[in-house]
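Examining the three-dimensional arrangement
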Amino acid sequence: MLFKICGLKSIKTIKCCIKNKANFYGLVFHKKSSRDISFSKALNLVNFSRNRNINPVGVFVDKEINFVNSMIDSLKLDYVQLHGNENNKYILDIKKNFNIKIIKSISVSSIKDLGKIEEYKESDFILLDYKPKIEEQPGGNSKTFDWKILNNFKINKPWFISGGINESNIRKIKKYANPDGIDLSSGVEELPGIKSDVMINSLFKTYYG
């Protein structure tokens, strides 16, 4: 199982993620989010994590493509997550300039939403997340969608499940779905945007226990 922990802001949390063998951590560049990080802090985390068996992922929401390209170049990112309404052309435009893996999020509330996956043929990963209401943030809302709709779900690329996953429900995923990865954020936070090492440790212990 691949694990990604999104919205990191400190080296201390990266160390905790590495200890638990998480594969990815997300750097959120979205001003409206409590997990938003500045370029200078992101660079500090990327420099620390380089060659440490964990991959930084730049997370963007409907950003102007030149901004995304500049972050990829400046931070030397190998992975980007697009968490807004970006289309397949947007993905192709990024890939013209960089040898990069792209995770495209799909907001899900019903089985019909899974049909949107076909629109993102150039993505390398799909991330299925809870569909936010108009007043909610694009991600990290501490809410799950109905995992039952993922019974027998299969696609021809690796995919993550996300949305309100925490210690109390993470083992239930296996009952309904067989994702390649699990994406965590609010479920390992003591306050919005503040990750808890204790909660991260406990969640991994629960999942593998």
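Residues numbered from 1 in each chain as written. Predicted model: local features only at pLDDT ≥ 70, side-chain atom pairs only at ≥ 80, totals over all residues. Heavy atoms only, no water.

1. A word on the pattern of salt bridges
- All chains considered together, the criterion is met by 11 salt bridges.
- Note that D197 and K12 form a salt bridge whose closest N and O atoms lie 3.1 Å from each other. Note that D197 is positioned in helix α6 (residues 197-208) and K12 in helix α1 (residues 11-19), a separation of 185 residues in sequence.
- Accessibility expressed as a relative area gives 18% for D197, which makes it buried.
- Among the salt bridges present, the one from E118 reaches K121, with a minimum N-O distance of 2.9 Å. As far as the burial class goes, E118 and K121 line up, both exposed. (Salt bridge = Lys/Arg side-chain N within 4 Å of Asp/Glu carboxyl O. Helix = DSSP H or I, 4+ residues; strand = E, 2+ residues; numbered from the N terminus. Buried < 20%, exposed > 50% of the residue type's maximum accessible area, 1.4 Å probe, protein only.)

2. Description of α1
- Looking only at α1, the buried set comprises T13, I14, C16 and C17. Looking down the long axis of α1, one finds its buried residues gathered within 160° of arc, a one-sided arrangement. The exposed set on the far side of α1, more than 90 degrees from its buried face, consists of K12 and K19.
- In this fold, the buried residues of α1 make contact with β1 (2-6), β2 (24-29), α2 (39-49), β10 (194-195) and α6.
- Phi turns positive one or two residues past the end of α1, at K21, with a value near 65°. (Arc of directions from axis to C-beta. Contact = heavy atoms within 4.5 Å.)

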